[in-house]
Amino acid sequence: MRHLLIGMLTLSLSGCAALTYTEPQTGSRARVRFVTDTASPSVLKVYDGDDCSGAEHEWMRLRVGALLRGSVKRLGMPLWNYHDNAAKEVYVSNDKPLYAMFWGNEIEGSIHYQCGVPLKIQFQENKDYEVRYRWNRSQCTVIFSEILKNDAGEHFAQEKEIFNNKTTAKDSGCQKQFTRLRFD
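Residues numbered from 1 in each chain as written. Predicted model: local features only at pLDDT ≥ 70, side-chain atom pairs only at ≥ 80, totals over all residues. Heavy atoms only, no water.

(A) Representation of the overall build of the chain within the structure. The helix and strand inventory of the chain stands at two helices and 10 strands. Burial analysis of the chain (184 residues in total) assigns 45% to the buried set. Restricting to contacts in the chain with at least 6 residues of sequence separation, those with at least 24 account for 62%. (Helix = DSSP H or I, 4+ residues; strand = E, 2+ residues; numbered from the N terminus. Buried < 20%, exposed > 50% of the residue type's maximum accessible area, 1.4 Å probe, protein only. Contact = heavy atoms within 4.5 Å.)

(B) How the structure looks around the packing of aromatic side chains. Applying the stated criterion to the full structure yields seven aromatic pairs. Summarising the aromatic geometry, the rings of phenylalanine 34 and tryptophan 59 are spaced 6.2 Å apart at their centres and angled 85° between planes, so their arrangement reads as edge-to-face. Linking phenylalanine 34 in strand E1 (residues 29-36) with tryptophan 59 in strand E3 (residues 56-62), this pair joins segments that are 25 residues apart in sequence. Looking at tryptophan 59, the relative accessible area reads 10%, which means it is buried. The structure contains a cluster of three or more aromatic residues connected by ring pairs, namely Tyr21, Phe34 and Trp59. (Phe/Tyr/Trp six-rings, centres within 6.5 Å; stacked < 30°, edge-to-face > 60°.)

(C) Broad picture of the sheet that holds E3. The four strands lie next to each other as E3-E2-E5-E6, forming an open sheet whose pairing is antiparallel. Of all strands in the sheet, those bounded by a partner on one side alone are E3 and strand E6 (111-121). Taking each pair of neighbouring strands and ignoring which way they run, the sheet shows an average axis angle of 20°. Both strand E2 (residues 42-47) and E3 contribute to a ladder of six bridges, which runs antiparallel. Opposite serine 42, over in E3, you have leucine 62 as the bridge partner. (Pairing = 2+ DSSP bridges. Axes fitted to C-alpha atoms, helices over the stretch in contact; angles between N-to-C directions.)

(D) Representation of unusual backbone geometry within the structure. You will see that cysteine 52, though not glycine, has its phi angle at about 55°, which is positive. By the secondary structure assignment, cysteine 52 is in the loop between E2 and E3. Classification of cysteine 52 as buried rests on a relative accessible area of 4%. Although it is not a glycine, leucine 79 sits at a positive phi angle of roughly 70°. For leucine 79, a relative accessible area of 32% gives the class partly exposed.

(E) Just the pairing of E1, in detail. The buried count for E1 comes to eight of eight residues, which makes it a mostly enclosed element. Where burial is concerned, the two faces of E1 agree: the one with Arg29, Arg31, Arg33 and Val35 and the one with Ala30, Val32, Phe34 and Thr36 are both buried. Here E1 pairs with strand E7 (residues 128-134) via six bridges, running parallel. Among the inter-strand pairings, valine 32 is bridged to a residue of E7, identified as tyrosine 129.

(F) The confidence of the model for the chain, seen in detail. Looking at the chain, pLDDT values average 81 and 83% of them are 70 or higher. The spread of mean pLDDT over the elements of the chain runs between helix H1 (residues 2-13), the lowest at 39, and E1, the highest at 96. Below pLDDT 50 for its whole length, residues 1-15 participates in 16 contacts with residues either more than four positions away or in separate chains. (pLDDT = per-residue confidence, 0-100.)

(G) Spatial organisation of the nonpolar core. Ranked by size, the top nonpolar core spans 27 residues in total, and within it Phe34, Phe102, Phe123 and Val131 carry the most contacts. Of all elements in the fold, only E1, E2, E3, strand E4 (87-93), strand E5 (98-108), E6, E7 and strand E8 (141-150) reach the threshold of two or more residues within this core. The residues touching valine 131, leaving out its near neighbours within four places in the chain, are Val32, Arg33, Phe34, Val35, Phe102, Leu119, Ile121, Phe123, Val142, Ile143 and Phe144. Counting residues in each nonpolar core, the second largest holds seven residues, with Val43, Trp103, Cys174 and Phe178 among its members. (Core = buried A, V, L, I, M, F, W, Y, C linked by side-chain atoms within 4.5 Å.)

Here it is as structure tokens:
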């Protein structure tokens, strides 16, 4: 019971910081919407190197529902249909690939489920993208789509890539990051 209370306290505090990422103000960049479908906080952590190596930076916490100190962050991208705390739109540099992990959790009774998805994405300048985290306790996914506009209006392009929580030798460092003990 003590571990469950500590876990619940950690989760309730984890919703405190909604956006800690500092956007590039100039240079080659894309507009990116990060989205979650979870009622519990989801966290986007970005790494300086591939395989979740190098320094770790928490960019944002998202959830469908209230966040302590949550704030709306929109750039006016089309096709918005989300709770204000479930998505954030930011400028992301496209000088190098984004190495990140989207992480979510769920508590059912006395069981705490966690699911993390490592991803590597290269954005193109002046384009709009959506990176959507979808929760499932057995296999969570991240769907990466470009948002396009044509004569019929705005729409999501066919998914560019779908990432999942199944790690391989090439992303074993991400598995280590996911399973390490954290107090943040």
